[in-house]
Amino acid sequence: MVYFHTDHFEPWRSVPGRAPGVERSIDDVEAYVAATSKLESARKSSLFFKANINHVVSDDRALYRADPSDLLGFCPRTDEERSIGRGLITPIMQGSTHELQIHIHHENYTYNDTARNPETFAYLQSPRARRFDNARLELAVRLSLDLMAEDGGPLLKRWFFIHGHWALNASDPHECTIVREIEILSRNGCLGDFTQPAGRAHVDSRIDVPYLVDPVAAAKGYDSVEARPVPASGAGAGAGERFFIWASATNHELCSIDTYSAFVQRRLRTPELTALEHAANGVISDGTLFVKTHCHSLHPIYWKEGGRPLPQSDPGVRAELGILFDAADAIGAPISFLRVSEVYDRIVGAPAHSDSDLVAASGLRLGSPMQVFGHTVEFRTSDGKIAAPPPLDPRPTELPLPICAEPAAERALDVAVAYVTSLVPPTLLDGIGGAVPAALVDARRQLSDLMAAVDVETINRVSSRVAAERLAQMDAEAAGITGFYGLRAREGTLLQPSEVLCAAVLSNHMTGVRGAVEIGCGLGVLSILLASRGVDIVGLERNRARLNSAQAIAAAVRVELGPVGRRPKLARGAFPKALRRAPDLSQHVALVTNLLGSATEEQENAFIAGLTRFGAVLIDPTRFYRRRTTSTEIAELLSRFAATGFGPPRPAFDLGADGRFMLLLNPTPTRLPGLQGLFGRMFSPRARLGLTLPR
């Protein structure tokens, strides 16, 4: 067994409650080195170091500029910054067996569609600024390497990378639109990337073993057929000619040890399950199990007064790893604690074996790997014509001197410039101007806070406990806790991020809505959450065993939360038949969050027809009976909704592969008056549908 840790190591930061400035960060690094030196599993980590590279938009300051006419440049360091830099590097180089690698956040000084600093954002939107994105990133890479060496660190000729905000090679255009990023890294000495598994699941490869690629100038090009992926294990000397991608079947929820995250705190309650998942899904090369963890050890939350203990010292983290190590000892498997440079050598240096076909094994197809995400990067000339990504300029032989900006050259307006575009056909968005509007919920910014809410945490904790109790009393089929329900119950994540965001859409953007129906509610956790927040909710589930478990969970949550909000109404039945005697639903919202199963096109159309009774539908079109992963498949489905009278889709929120939710408004719901059967009593006649939607 091999265990290794990759740290997003960002020492240049202030800590709440302390005096402004970063001088105290030197003490923090010294304390980190001292603490990890006492732990066998933590004393040989790979610290992906974020150097202190500040930028500004100015034409009259002497700055390191990617081009003399680029108004954005990097600030030369002050003597104080040099002194602090040496203070941060020294304890790592002199008092530890850690290694330094490179970590870069370039989302603030290259083009994307996320506004941060207003002045910089305005400049980055211009064709003039975009022309220099590639060169600006390359300059940042070279400055990072240079500053690290200047401060007493290694002169890295052979190094590895972790992308800030996870978005390697434009795999998340909200953060990065550099489609030639791997080319830039490679020609500056980088052998590979250890970003995955990422905190944004849609950037992860569909390949689940470490592999080698050719650079592809396309968003998420490393996950494409054109990259010619081959296994890295046993590649030998040939690996040095290609770019290494660490990938595995494990995910961020398993590999992160950032204990400030609610999902990690829940996971630590069951260390045996985490150890089992690592053993089952970790990378295996030449008979060796490779287990990777990552975190942000210098995050201020660990260093402020009264903050959390360092993740590596946390008893729960140590318990998870300890179970793994004990299991390895029990079967006589040697345990090695390695750094990423050693992991790379170990994997590519394994005995050669026959190459497996990663393209076939992973289901890769020609075309954009960004279809599931819903956005990609395309390039256009200044007159709007689609163009190929611009080639890289020749690599400079040395760093430029700081200079003031020169006037822009005419040629700056004649090159291709990057745009973030939606893969949803514009014809489906005619009702809102043909452009992709901002989502109703900014999932990227709000998700962490929403998942940490008290009611969300309580529902996940209680539902997992009840599920475990029922599984102990009966088999999975009898409990209705099968498949992914069982896995989520073990992980303490029955209430998924997409469901929490659905609740946010109803609460914040559809004021007055207290009437909703969740179709296919499963174990009922979303219905329970909405009910606790005052929504008059009916959860409809056709599986009797699952419904019984949902009702048990609802009762237990009610005890824990107390008599707040409403009681969820959980009922058995198949849609649309079960609602045939329901009263007027024109003031209700239908929730279709994860409807996977077998159905004919005729049955799908009957389902859509049943939805025409609702005033609005919140749906994930990528999970409607079958997975739809391309814009063509999604467009075809949405056209069927449009044919029944629904208005154009409004983006609600986007989690990439974890869900792309849309809100469909129905201006003329089908009304069936006079039907007030037993099921009709479950609906509140007081519910009203009010919408506060952006134009």
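Before reading on, note that the structure itself is shown above.
In what follows, the accompanying structure is described. (Residues numbered from 1 in each chain as written. Predicted model: local features only at pLDDT ≥ 70, side-chain atom pairs only at ≥ 80, totals over all residues. Heavy atoms only, no water.)

1. A look at the overall build of the protein chain
- Along its length, the protein chain carries 21 helices and 25 strands.
- Relative to the globule expectation of 26 Å for 695 residues, the C-alpha radius of gyration of the protein chain, 27 Å, shows essentially globular dimensions.
- The burial tally for the protein chain puts 55% of its 695 residues in the buried class.
- Of all intrachain contacts in the protein chain linking residues separated by at least 6 positions in sequence, the fraction that spans at least 24 positions is 77%.
- Averaging the coordinates of the 74 positive side-chain charges in the protein chain and doing the same for the 78 negative ones gives two points 8 Å apart. (Helix = DSSP H or I, 4+ residues; strand = E, 2+ residues; numbered from the N terminus. Rg over C-alpha atoms; globule rule 2.2 N^0.38 Å. Buried < 20%, exposed > 50% of the residue type's maximum accessible area, 1.4 Å probe, protein only. Contact = heavy atoms within 4.5 Å. Lys, Arg positive; Asp, Glu negative; His and termini not counted. Charge placed at Lys NZ, Arg CZ, Asp CG, Glu CD.)

2. Section: the packing of helix H20 (residues 601-611) against helix H21 (residues 631-643)
- As a packed pair, H20 and H21 sit with axes 10 Å apart at the nearest point and diverge in direction by 50°. As far as their axial angle goes, H21 and H20 are oblique. Crossing angle aside, the handedness with which H20 passes H21 is right-handed. On H21, the residues touching Glu601, Glu604, Asn605, Ile608 and Leu611 of H20 are Leu637, Arg640 and Phe641. (Axes fitted to C-alpha atoms, helices over the stretch in contact; angles between N-to-C directions. Parallel < 35°, antiparallel > 145°, perpendicular 65-115°, else oblique. Left-handed = near helix turned anticlockwise from the far one by under 90°.)

3. Notes on unusual backbone geometry
- Cis geometry marks the peptide bond from Gln196 to Pro197; its omega dihedral reads -5°.
- Here Pro197 lies in the loop between strand E7 (190-193) and strand E8 (211-213).
- Cis geometry is found at the peptide bond from Phe575 to Pro576, where omega equals 5°.
- Locating Pro576 in the fold gives a position in the loop between strand E19 (569-572) and strand E20 (589-592).
- In the Ramachandran plot, Asp286 falls in the positive-phi region, its phi being about 50° despite a non-glycine side chain.
- Looking at the secondary structure, you find Asp286 in the loop between strand E11 (283-285) and strand E12 (288-295).
- With a relative accessible area of 53%, Asp286 lands in the exposed category.
- You will see that Tyr625, though not glycine, has its phi angle at about 65°, which is positive.
- Within the element layout of this structure, Tyr625 appears in strand E23 (residues 623-627).
- The exposure class assigned to Tyr625 is buried, which follows from its relative accessible area of 16%.

4. Brief notes about the environment of Gly520
- Considering the arrangement of structural elements, one finds Gly520 in the loop between strand E17 (515-519) and helix H18 (525-532).
- By relative accessible area, which is 33% here, Gly520 ends up partly exposed.
- Spatially, the C-alpha atom of Gly520 lies 47 Å from that of Ile184, the residues being 336 residues apart in sequence.
- The contact partners of Gly520, leaving out residues within four places of it in the chain, are Leu540 and Glu541.

5. Notes on the pattern of salt bridges
- The final tally for this structure, using the stated rule, is 35 salt bridges.
- Arg131 is the partner of Asp67 in a salt bridge, and the nearest nitrogen-oxygen pair spans 4.0 Å. On the criterion of sequence distance, the pair formed by Asp67 in the loop between strand E3 (55-57) and strand E4 (72-74) and Arg131 in the loop between helix H4 (127-130) and helix H5 (133-150) is long-range, its members being 64 residues apart.
- With relative accessibility at 15%, the residue Asp67 sits in the buried group.
- A relative accessible area of 17% means that Arg131 is categorised as buried. (Salt bridge = Lys/Arg side-chain N within 4 Å of Asp/Glu carboxyl O.)

6. Let's talk about the packing of aromatic side chains
- For the coordinates displayed, the defined rule picks out 21 aromatic pairs.
- Their ring planes at 80° and their centres at 6.0 Å tell us that Phe4 and Phe194 sit as a pair that is edge-to-face. With Phe4 in strand E1 (residues 2-9) and Phe194 in the loop between E7 and E8, this pair connects stretches of sequence that are 190 residues apart. Like Phe4, the residue Phe194 is buried in the burial classification.
- Ring geometry for Phe325 versus Phe337: centroids 5.4 Å apart, planes at 85°, classification edge-to-face. Here Phe325 is found in helix H10 (residues 315-330), whereas its partner Phe337 is found in strand E13 (residues 336-337), with 12 residues between them in sequence. Across the pair, exposure class does not vary: Phe325 and Phe337 are buried alike.
- Through successive ring pairs, a cluster of aromatic residues spans Phe575, Phe607, Phe614, Phe624, Tyr625, Phe641 and Phe646. (Phe/Tyr/Trp six-rings, centres within 6.5 Å; stacked < 30°, edge-to-face > 60°.)

7. Looking at the side chain of Arg142
- Along the polypeptide, Arg142 turns up in helix H5.
- Setting aside chain neighbours within four positions, we find Arg142 in contact with Asn188, Arg395, Pro396, Thr397, Glu398 and Leu399.

8. Structural notes on the environment of Pro621
- Mapped onto the secondary structure, Pro621 falls in the loop between strand E22 (616-619) and E23.
- Relative accessible area serves as the criterion here: at 1%, Pro621 is assigned to the buried category.
- Pro621 sits 27 residues away from Asn594 along the chain, and the two C-alpha atoms are 9.0 Å apart.
- When near neighbours in sequence (up to four residues on either side) are disregarded, Pro621 contacts Arg628, Ile634, Leu637, Leu638, Arg660 and Met662.

9. Looking at the side chain of Asp133
- Secondary-structure assignment places Asp133 in helix H5.
- With relative accessibility at 4%, the residue Asp133 sits in the buried group.
- With residues near it in sequence (within four places) discarded, Asp133 still touches Tyr109, Thr110, Tyr111, Thr177 and Ile178.

10. Here's the deal with the pairing of E7
- Note that strand E6 (residues 159-163) and E7 share 3 bridges and pair parallel. Pairing of Trp159 across the sheet is with Cys190, part of E7.
- Assessed by its sense of winding, the connection that carries the chain from E6 through helix H6 (residues 181-186) to E7 is right-handed.
- Looking at chain direction, E7 and strand E10 (residues 243-245) are connected through 2 bridges and run parallel. Across the sheet, residue Gly192 finds its bridge partner in E10, namely Phe244. (Pairing = 2+ DSSP bridges. Right-handed = clockwise from strand over helix to strand, strands pointing away.)

11. Quick notes on the sheet that holds strand E24 (residues 650-654)
- Across the sheet, 7 strands lie side by side as E19-E18-E17-E20-E22-E25-E24; this open sheet has mixed pairing. Looking along the sheet, the strands with just one partner apiece sit at the ends: E19 and E24. Adjacent strand axes in the sheet meet at a mean angle of 20° when their direction is disregarded.
- As defined by bridge partners, E20 adjoins E22 across 4 bridges and the pair is classed as parallel. In the sheet register, Ala590 faces E22, and the bridge partner there is Val617.
- Sheet contacts for H20: E17, E20 and E22; angle to E20, the most-contacted strand, approximately 150°.

12. Considering helix H16 (residues 484-491)
- Buried residues of H16: Tyr485, Gly486, Arg488 and Ala489, and no others. Down the axis of H16, the buried set is contained in an arc of 165°. They therefore lie on one face.
- Against helix H14 (454-473) and helix H19 (544-561) lie the buried residues of H16.
- Following H16 by one or two positions, Gly492 has its phi on the positive side, about 75°. (Arc of directions from axis to C-beta.)

13. Description of the environment of Met1
- Its location among the elements puts Met1 in the segment before E1.
- Residues Met1 and Thr593, spaced 592 residues apart in sequence, show a C-alpha to C-alpha distance of 40 Å.
- In this structure, Met1 is in contact with Thr288, Leu289, Val291, Leu324, Phe325, Ala328, Pro334, Ile335 and Ser336, ignoring residues within four places of it in sequence.

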